Amino acid sequence: MSETFDYAVVGLGALGSATAYQLALRGHRVIGLEQFPLGHDRGASHDTSRILRHSYHTPTYVRLTCEAYDDWAALEDDAGESFVTVVGGLDLFPPDPAIPMVDYTESLTAVGIEHELLSVAEVRERWPQFVLPEGTVTLYQSRGAIVPAARGTAAMQRLAADRGAVLRDSTPVTALRDLGDSVEVETADATYSCGAVVVCADAWTNHLLSGLDAGIPLTTTLEQVTYFGPADPARFGPEVLPLWIWMDEPSFYGFPCYGEETVKAAQDCGGPAVDPDRRGFDPDPAMLGLLARHVQTMLPGSGEPLRSRRCQYTLTPDRDFVMAPVPGHERVIVGLGAAHGFKFTPTFGRILADLATDGSTPSDIAPFCFDRPGLTDPTFEANWMV
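## Observations concerning the packing of aromatic side chains
Item 1. Evaluation of the coordinates by the stated rule reveals 15 aromatic pairs.
Item 2. Measuring from ring centre to ring centre gives 4.9 Å for Tyr56 and Tyr61, while their planes differ by 15 degrees; the resulting arrangement is stacked. There is no split in this pair, since Tyr56 and Tyr61 are both buried.
Item 3. Geometrically, the ring pair formed by Tyr61 and Phe368 is tilted, given 5.3 Å between the ring centres and 50 degrees between the ring planes. Here Phe368 lies in the loop between helix H8 (345–358) and helix H9 (373–376) and Tyr61 lies in helix H2 (residues 59–79), a separation of 307 residues in the sequence.
Item 4. On the basis of relative accessibility, which here comes to 2%, the residue Tyr61 falls in the buried class.
Item 5. The buried category is assigned to Phe368, whose relative accessible area is 0%.
Item 6. One aromatic cluster is present, formed by Tyr56, Tyr61, Phe321, Phe344, Phe348 and Phe368 through successive ring pairs.

## Concerning unusual backbone geometry
Item 1. In this model, Glu249 is joined to Pro250 through a cis peptide bond whose omega is 0 degrees.
Item 2. By the secondary structure assignment, Pro250 is in the loop between strand S14 (243–246) and strand S15 (251–254).
Item 3. Here the phi dihedral of Arg319 falls at roughly 60 degrees; this positive angle occurs in a residue that is not glycine.
Item 4. As for its position among the elements, Arg319 is in the loop between strand S17 (304–315) and strand S18 (322–326).

## Side note on the pattern of salt bridges
Item 1. Tallying each qualifying case throughout the model produces 18 salt bridges.
Item 2. Note that Glu81 is salt-bridged to Arg151, the shortest N-O span being 2.9 Å. You can see Glu81 sitting in the loop between H2 and strand S4 (85–86) and its partner Arg151 sitting in helix H5 (residues 150–162), a full 70 residues away along the chain.
Item 3. The partner of Glu81 in a salt bridge is Arg158, and the shortest N-O contact between them spans 2.4 Å. Here Glu81 is found in the loop between H2 and S4, whereas its partner Arg158 is found in helix H5, with 77 residues between them in sequence.
Item 4. Counted as one network, the salt bridges with shared partners bring together Asp41, Asp47, Lys264 and Arg309.

## Things to note about the pairing of S15
For a regular strand, the rule is simple: side chains alternate between the two faces of the sheet.
Item 1. A two-sided burial pattern is seen for S15, the buried positions comprising Ser251 and Tyr253 on one face and Phe252 and Gly254 on the other.
Item 2. As defined by bridge partners, S14 adjoins S15 across three bridges and the pair is classed as antiparallel. Paired with Trp244 across the strands is Gly254, a residue of S15.
Item 3. Between S14 and S15, which follow one another and run antiparallel, lie four residues.
Item 4. Two strands pair when backbone bridges link them, and S15 and strand S16 (residues 263–268) are joined in this way by four bridges, in the antiparallel orientation. Counted as the bridge partner of Phe252 is Gln267 from S16.

Conventions adopted
- Counting restarts for each chain, with residues numbered from 1 along the sequence as it is written.
- With the structure being a predicted model, the display of local features is reserved for residues of pLDDT at least 70 and the display and counting of side-chain atom pairs for 80 or more, all residues being used for whole-chain, interface and lining totals.
- Think of the side-chain values as coming from all heavy atoms in the structure, minus any hydrogens and water.
- Each Phe, Tyr or Trp ring (for Trp, its six-membered ring) is paired with any other whose centre lies within 6.5 Å, and the angle between the two planes then decides the class: stacked below 30 degrees, edge-to-face above 60, tilted in between.
- With a 1.4 Å probe rolled over the protein chains alone, any residue whose accessible area is under 20% of its type maximum counts as buried; one over 50% counts as exposed, and the rest are partly exposed.
- The numbering of helices and of strands both runs from the N terminus, where a helix is a DSSP run of H or I of at least 4 residues and a strand a run of E of at least 2.
- In the sections that follow, a salt bridge refers to a side-chain nitrogen of Lys or Arg positioned within 4 Å of a carboxyl oxygen of Asp or Glu.
- At least two bridges found by DSSP between two strands is the condition for calling them paired.

Printed below as a string of structure tokens:
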């Protein structure tokens, strides 16, 4: 069977679903293909919650977060749903942190984003739930927020389908062929001809690019989130507790109670490298122990661990995004979130749709191209602590 579409999107996690939605919203005929069932838990778009924040380590990222807040608002208007829950955000820098605070404060200042630096005593006065080591400096940003992972992704899939996109799950793509004036996308049962294809396949990106003699140096790690059960959930609710990130090595992050009476927390980049097709799903007791010690020390009263879930990180060496056409294959565009992209999901969709349809975008995506040292220099030393 052969079908023709204006555009194809391969991978229907958050970024691919956002792209299919944006392309369909603009009136294009779109085919979206996902190798697993929609809403699966083998990637990085499942579970309950993700962080949305302005605090980032470069002005480019901070400016992009401003776009993300606007794009989430536009998505809310179109979906008729609320996705953004503002709770405030704390970046917690202990003495001599592995992540430099100045990168964050200077980037926020450069873009004109208001923020505060708080002492341990000031944090204790505002949020007595925290017990922080002396010398910790806290960067507070009032717009820190929570966005829903699985629910947000499902909403974009629904909106894409409502606008005519054809979404086919359990349909692995077996090959991409660049024919110059079009791209063929092959599956076991059909071949789809399209003007351009957007690849949002995360850990499976290189599987698809290999037929084009292209690739990205990627590492897939198996991470773990845990939900804790506080005895008094009201003390940890979103009305009284902000989200937080521990800006050191190891790095941890966590949420107030959101959607249920549990506190969610995890380590950032703490899991082992894995093959995404052979990974496990069972919780790791050592990872749980490390996280629980930190959370129960810093947030006494957060309770005992109730359950843990595994998820994947797909990391570039510099941990920067990829939003660009494949060199030599301008009709094949790659979107990769480098394990911190969900907060930018509707922005990714808009930008990738721009690149597919127009070849350019008004957003600043210069750092996210294929020809940067982090992707081209074999001696580049990976750094995921940002």
